[in-house]
Amino acid sequence: MARKLPRKDVVIIGLGWTGSIIANELCDEGLDVVALERGPWRDTATDFNIGYAPDELRYNSRQELMLRPAQTTVTARNNADQTALPMRQYGSFHPGNGVGGAGVHWAGITWRFSPADFRLRSHYTERYGAQSIPEDMTIQDWGLTYEEMEPYYDRFEYLAGVSGKAGNLNGQMQDGGNPFEGARKREYPNPPMMQTFGPTLFAETAAKMGYKPFPIPSSLLSRTYTNPLGVTMGQCTFCGFCTNYGCANYSKASAQTTVLPILMRKPNFELRTLCEVLKVNLDSTGKKATGVTYVDTSGDEFEQPADLVILCAFMLDNVRLMLLSGIGTPYDVRSGKGTVGRNFCYQMANQVVGFFDPAKYNFNSFIGGGATGMAIDELNNDNFDHGPLGFLGGGSTRCAPIGAEPISKRPTPPGSPTWGSGWKKAMRDSYLSNLSVGCEASSYANRGNFLDLDPTYTDRLGRPLMRITFDFPENDVKMSAYVTTKVAEIVRAMGAQTIVENPRTRPWSVVPYQSTHVVGGTAMGADPSTSVVNPYLQSWDVPNVFTVGANVFPQNSGFNPTGTVGALAYRAADAIRSRYLKSPGPLVQA
Ligand SMILES: Cc1cc2nc3c(=O)[nH]c(=O)nc-3n(C[C@H](O)[C@H](O)[C@H](O)COP(=O)(O)OP(=O)(O)OC[C@H]3O[C@@H](n4cnc5c(N)ncnc54)[C@H](O)[C@@H]3O)c2cc1C
């Protein structure tokens with residue numbers, strides 16, 4: 001029997017990027033807000049101290065900041081005819097656990113999606129005709145436009161202190177920025193990061209080939225910066241222990257370095273860590289949430305009543321909580337009906353590694369950060385003519401040396417010995433003279449890819465695990481092969497002697513790390529028959545429930561997600577503040 005606690009105005013599930021932003025905004029509205037976070041408290045001085053933050057064994061190999069399978073895991077299979085089995089070690093993606101979420105150990109590349117992304121089905125239909133979209137490809141429009149998102153992208157970028165160069169200021173194209181981006185109202189808050197030799201060579205070579213390179217928009221800071229909340233961050237030192245690590249230098253934007261110093265001091269905010277929400281409670285009509293039930297480390301259950309419930313957990317957890325709570329209609333792959341779990345997508349993480357002559361090239365790749373480097377966007381989304389190609393989509397291409405930790409970053413050219421002194425020599429020769437260029441590409445929704453509750457496996461509390469049914473669709477495999485070949489042309493032109501091309505091929509495997517940019521499952525949209533939440537991220541079925549995270553993406557773009565996730569958090573908070581609170585109930589699109 002759960003112990004019933006005093007009522008709060010708002011309960012927020014999960015305190016990563018999205019939970020922190022929403023909590024701060026709603027506290028400013030005077031609401032009494034409680035956040036329940038599954039993992040522990042984490043902060044820079046105490047948890048990412050410079051004395052041990054760059055500990056590769058602890059954080060990269062043993063994944064100390066990440067979710068442990070013993071806490072909860074997922075089952076996975078490639079198609080509905082297979083039996084899904086549990087992931088016993090997180091591999092393919094690395095969810096966060098604890099205050100800050102995965103935003104603690106993220107890389108910091110901070111894109112805006114392109115205007116076409118938000119009306120993807122309409123865009124492809126208009127440019128290539130309806131027949132260009134395969135029947136089983138369930139891509140759809142988001143129910144809002146880039147122009148509606150612009151002010152919220154701006155807020156997130158200024159919160160995080162993004163370092164970059166605008167490509168399109170109020171419709172005026174800018175030299176040195178991304179020529180394909182949508183119009184932005186003002187420059188990035190900070191100038192671009194400095195560039196090391198590898199990205200410089202990439203950009204020079206790409207420019208000679210006719211591409212238009214630009215600096216990666218980065219939530220690692222190019223200079224000291226105080227954000228609009230009054231929180232100051234430091235300049236990135238290129239220490240090379242960034243992705244998969246907490247930042248010891250206050251240089252990587254995260255909830256800890258941007259929002260929490262302000263939020264934690266607010267008297268109307270309360271955080272309870274090590275508290276895992278089990279479900280959202282509904283009243284007898286099933287149309288109104290009354291609060292949530294959660295469990296703490298004692299194993300005791302608590303009922304937290306609240307007027308407003310906001311799901312800001314990791315995207316898979318948001319979808320799972322919807323299913324466990326009976327909010328919305330679960331997707332049925334056989335009939336194609338139902339929406340919760342539909343349109344689960346991934347990110348096609350393609351890569352080309354070049355091995356250069358060690359006598360001539362020294363990239364010093366250990367100098368780097370998760371979001372330093374140069375990019376091109378000609379191979380992304382619909383920035384090239386797909387007419388003759390037989391696939392849709394593409395990806396953002398970048399040379400971004402994230403660091404070269406001694407245990408995990410030791411590629412050797414094909415044919416090298418795999419052990420002994422021959423391997424050691426190959427490793428020594430190539431450590432400073434290899435360079436990789438990645439293409440983080442789109443993943444388009446397919447009828448056969450979805451999320452539901454596993455019929456067999458449960459977590460430690462007896463709740464069904466989330467079951468992932470996913471494989472790379474034919475369209476995305478073709479796209480991946482194409483963009484990888486194009487990237488290889490650039491790496492060859494840079495002077496690489498040997499090239500290894502790693503496009504994504506079937507079947508999707510849960511074992512090697514690929515990307516934590518899993519998206520979809522509770523798509524947003526203007527049509528309730530194909531979406532779970534409306535364009536304000538409010539549940540169609542239970543209007544006092546909102547969910548924020550990549551779970552609302554109807555499909556994935558050729559960009560990393562967090563810029564868009566952060567902007568959506570601001571947009572949802574704005575809708576709650578300016579409209580929902582004045583008249584609680586379903587929000588009608590303005
Ligand atoms: C290695 C890595 C690199 C990345 N690099 C980039 C990048 O360069 N650019 C980019 O755009 N994105 C990147 N990402 C993705 C980025 O981290 C996420 O998009 C972002 O963290 C999402 O924020 P969120 O608040 O939606 O969710 P999360 O960060 O997942 O936070 C959710 C929180 O909810 C908590 N929670 C979950 N379930 C429950 C429950 N039942 N009860 C209570 N609490 C719960 C979790 O513990 C977690 O703290 C990267 C991710 C990883 C892992």
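One numbering rule holds for all chains: residues counted from 1, following each sequence as written. Selection of residues for local features in this predicted model requires a pLDDT of at least 70, selection of side-chain atom pairs for listing and counting requires 80 or more, and totals for whole chains, interfaces and linings are taken over all residues. Hydrogens and waters are ignored; side-chain quantities use all the structure's heavy atoms.

Enquirer: Residue-level account of the site of the ligand, with values.
Expert: Here, proximity means that at least one heavy atom of the residue falls within 4 Å of the molecule or strand. Taken together, 36 residues lie near the ligand, and T18, E37, A102, I109 and T562 sit nearest. Polar contact is defined as a pair of N or O atoms within 3.5 Å, subject to the rule that within protein one atom must be able to donate a hydrogen and the other to accept it, and that residues adjacent in sequence are counted only when both atoms are side-chain atoms. One of the backbone nitrogen or oxygen atoms of G103 is found 3.2 Å away from an oxygen atom of the ligand. Using the Shrake-Rupley algorithm and a 1.4 Å probe, accessible areas are obtained, with residue cover drawn only from the displayed protein chains. Burial of the ligand by the protein chains amounts to 96% of its free accessible area of 1000 Å². Runs of H or I in DSSP of at least four residues are treated as helices and runs of E of at least two as strands, each being numbered from the N terminus. Elements represented by at least two residues in the shell around the ligand include exactly α1 (17-28), β12 (276-282) and α12 (562-580). Residue type decides the class: Asp, Glu, Lys and Arg count as charged, Ala, Val, Leu, Ile, Met, Phe, Trp, Tyr, Cys and Pro as nonpolar, and the leftover types, Gly among them, as polar. Among the residues forming the shell around the ligand, the class breakdown is 15 nonpolar, 17 polar and four charged.

Enquirer: I'd love a proper account of the sheet that holds strand β20 (residues 450-458), names of residues and values included.
Expert: Within a sheet, neighbouring strands are paired by backbone hydrogen bonds and run either parallel or antiparallel to one another. Two strands pair if DSSP finds at least two bridges between them. Read from one edge to the other, the open sheet built from four strands follows the order β5-β4-β21-β20, with strand pairing classed as mixed. On the outer flanks of this sheet lie β5 (85-86) and β20, each paired with one strand and no other. Here strand β4 (residues 74-77) pairs with strand β21 (residues 464-469) via four bridges, running parallel. Its bridge partner being in β21, T75 is matched across the sheet by R467. Note on contacts: a residue pair qualifies if any of its non-hydrogen atoms lie within 4.5 Å across the two residues. Angular values range over 0 to 180 degrees, each being the angle between N-to-C directions of two axes fitted as lines to C-alpha atoms, with helices fitted over their stretch in contact. Of the strands in this sheet, β4, β20 and β21 touch helix α9 (residues 315-325), which is tilted by about 120° from β21.

Enquirer: Can you break down the packing of aromatic side chains residue by residue, with the values?
Expert: Two aromatic rings, drawn from Phe, Tyr or Trp (for Trp, its six-membered ring), form a pair once their centres lie within 6.5 Å of each other, and the interplanar angle then sorts them: stacked below 30 degrees, edge-to-face above 60, tilted otherwise. Counted according to the given criterion, the structure contains 32 aromatic pairs. When the centroid spacing of 5.3 Å and the interplanar angle of 85° are considered together, the rings of F241 and Y245 count as edge-to-face. Relative accessibility under 20% of the residue-type maximum defines a buried residue, over 50% an exposed one, and the middle range a partly exposed one, all with a 1.4 Å probe and only protein chains included. On the basis of relative accessible area, F241 is assigned to the partly exposed category, the value being 21%. Classification of Y245 by relative accessible area gives buried; the value is 0%. In this arrangement the basic side chain of R184 is found over the ring face of Y188, its NZ or CZ atom lying 4.0 Å from the centre. Counting as a charge over the ring demands two things of the Lys NZ or Arg CZ atom: a distance within 6 Å of the ring centre and an angle within 35 degrees of the ring normal.

Enquirer: Mind laying out the sheet that holds strand β22 (residues 498-502), listing which residues take part and the relevant values?
Expert: Read from one edge of the open sheet, six strands run β8-β17-β18-β19-β16-β22, paired in antiparallel fashion. The strands lining the two open edges of the sheet, one partner per strand, are β8 (214-215) and β22. On the sheet, helix α6 (residues 197-208) packs against β17 (374-376), β18 (395-399) and β19 (434-441) and is oriented at approximately 30° with respect to β17.

Enquirer: Break down the pattern of salt bridges for me, with residues and values.
Expert: Where charged atoms from two side chains of opposite charge come close, those side chains can pair. In what follows, salt bridge is the name for a side-chain nitrogen of Lys or Arg lying within 4 Å of a carboxyl oxygen of Asp or Glu. If you walk through the whole model with that rule in mind, you get 30 salt bridges. Residue R571 pairs with E148 through a salt bridge whose shortest N-O separation is 3.6 Å. With a gap of 423 residues between them, R571 in helix α12 and E148 in helix α5 (residues 146-160) connect regions that are remote in the sequence. The partner of E276 in a salt bridge is R460, and the shortest N-O contact between them spans 3.0 Å. Taken together, the residues E276 in strand β12 and R460 in the loop between β20 and β21 connect sequence positions 184 residues apart. Look at E276 and you get buried, because its relative accessible area is 8%. Put simply, R112, E150, E157, E181 and R184 are held in one network by salt bridges that share partners.

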